[in-house]
Amino acid sequence: MTTRIKAICLILLIGSLISCTKAQPDPSEPANEIAEVAPTEPPATATPLPTNTPEPTSTNTPEPTNTPVPTDTPEPTNTPEPTQTPTPTPLPPSDLVSADNCYLPVANFTGVGLGVPRYEGLLQSVGTVNAAVLFVDFEDVPATNRMPEEVFNIVSPSSSDYFSQVSYGRMDLNLQPHLTWLRLSQPSAHYGTAINSFFGHRDFLQEAIDLADAEVDFSTADTVIVMANPDAEALFKGPASQFPVPGQGLFADGVEISSGVTSGNDLLNWGGLWLNHELGHNMTLPDLYAFDGDAGGGWHRFVGPYSLMGLISGSAPELFAIERWQLGWIDDEQITCQTAGEATIALSAIEQPDGIKAHMVPLSRTSMLVVESRLRTGYDSTMVQRGALVYLVDAGNFSGAGPIRVLTHVPSDLMRDSVPLRPGESLTHENVTITVLDENDDGDIIQVTVE
Ligand SMILES: [Zn+2]
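Residue indices follow the written sequence of each chain, beginning from 1 at its first position. Local features in this predicted model are restricted to residues whose pLDDT is 70 or higher, and side-chain atom pairs enter the listing and the counts only when it is 80 or higher, whereas totals over whole chains, interfaces and linings include all residues.

Asks: I keep staring at unusual backbone geometry and nothing clicks. Help me out?
Replies: Of all residues except glycine, most have a negative phi; of all peptide bonds, most are trans. The omega torsion across V116 and P117 is -5 degrees, close enough to zero to call that bond cis. Per the convention used, a helix needs a DSSP run of H or I reaching at least four residues, while a strand needs a run of E reaching at least two, with both numbered from the N terminus. Considering the arrangement of structural elements, one finds P117 in the loop between β3 (96–97) and β4 (127–137). In this structure, P157 follows S156 across a cis peptide bond, with omega equal to 5 degrees. Backbone geometry at R416 places phi at a positive 70 degrees, although glycine is not the residue there. The topology assignment puts R416 in the loop between β16 (404–406) and β17 (426–429). A positive phi is found at E430, a non-glycine position, where the angle reads about 50 degrees. Residue position: E430 is located in the loop between β17 and β18 (432–439). By C-beta crowding, E430 is classed as exposed, having 11 other C-beta atoms within 10 Å. Exposure criterion: with C-beta atoms placed from backbone coordinates, a residue whose C-beta has 20 or more other C-beta atoms within 10 Å is buried, one with 12 or fewer is exposed, and one in between is partly exposed.

Asks: Is there a simple way to explain the environment of D394 in this structure?
Replies: Topologically, D394 is positioned in strand β15 (residues 387–394). In this description, a residue-residue contact is defined by the distance between C-beta atoms placed from the backbone, which must lie within 7 Å. Residues in contact with D394, not counting those within four places in the same chain, are T366, S367 and P403.

Asks: Quick question: what am I supposed to make of the pairing of strand β6 (residues 223–228) here?
Replies: Along any regular strand, the residues point their side chains to alternate faces of the sheet. Of all 6 residues making up β6, 6 are buried, and the element is well covered by its neighbours. Burial along β6 is two-sided: the face carrying T223, I225 and M227 and the face carrying V224, V226 and A228 are both buried. Between any two strands, at least two bridges found by DSSP are needed for them to pair. Two strands pair when backbone bridges link them, and β4 and β6 are joined in this way by 6 bridges, in the parallel orientation. Looking at β6, one finds that A131 is bridged to T223. In the sheet, β6 pairs with strand β10 (residues 259–263) via 4 bridges, with the strands oriented parallel. For I225, the partnering residue across the bridge sits in β10 and is V261.

Take a look at the structure:
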């Protein structure tokens, strides 16, 4: 499939809810596309909303449960002591405030969205996550040449390994395959169209569940992954759907399941990290690539190769610190929050556990500046350059519209490969200046001044 798919985000409000469908063409892999589908309100037809709305036109806004802007709490609850580095002496305490001053409201939620604490009610991200995995084929594209095991092995164990490492051991993705091809009732072309709408995708997932229900116990399933015969080119991309509105989800064995994922033909291009991207959506993470990339601005102009919620096949697919904080993989004590003055922080690189994982400076009710350290290790081992990565987070920006934007001091580097700051380098955004003082095997020592 070579056609690049434009982003389509649908939103409807029925008490709450939204829809979002989009594709992710990858300049380096033009055949690849990814879509996610989230809820909309129930129409009688498969496509409930105007289909070419590039962005949601209305939102439900889960109200922030925490004050997103600084309060009068001057006491730092976390003391960002250098982990391995004796120099320099960290921070005048008065310049840091407790981490809850850097909480972000979930401002624009379309079934996905940034915000700390995260929107609850979707797939959990901590502890054991049970995923029932089903396999489907079609009368016009029977899976005569593939065993279910072969398709399953594309995502297992790599997807579970990724979450285990990137969550620092806090998430255990337990894939439970039902290794039988289930024959769906309609031709592949029918589903290739249907799964791009919220209810069409939900019905597709439910049909697969119903076919397996006699042999599969779904009562402990947290999510459902349906792997279509990847030779069915009509299903050229794999969507994820979230069902936060009770009654609109998937039903089996007396439980309602609040999310689901389908793999398509593009699975063969992306490999196992595709599933991590889609389950990231099920756990509320938004897309970080630009939905309007084909308009000339570039698909990956917001975050370049960082985080697989941007470019799955990028050189630095480890999730950002803000994403891990949202998912509960980083504690408040591992965040330093600064609202004024000057601070010196020893950042421990996000690819390894423990230590201070991010330094944050609130900019507005929904936005802040974040600094994290990246090392060429773990899933980032092919990253071009290590260093301190500086980015803006705006929870008011929709999925695909830049909720995270990596800042650069190298404007000519459109892919952001060389933007991590090295010792002696500095970057200023509005009233905030970040300077890297030193680096070591654990990460970077940064100095941050808020004028
Ligand atoms: Zn996506």
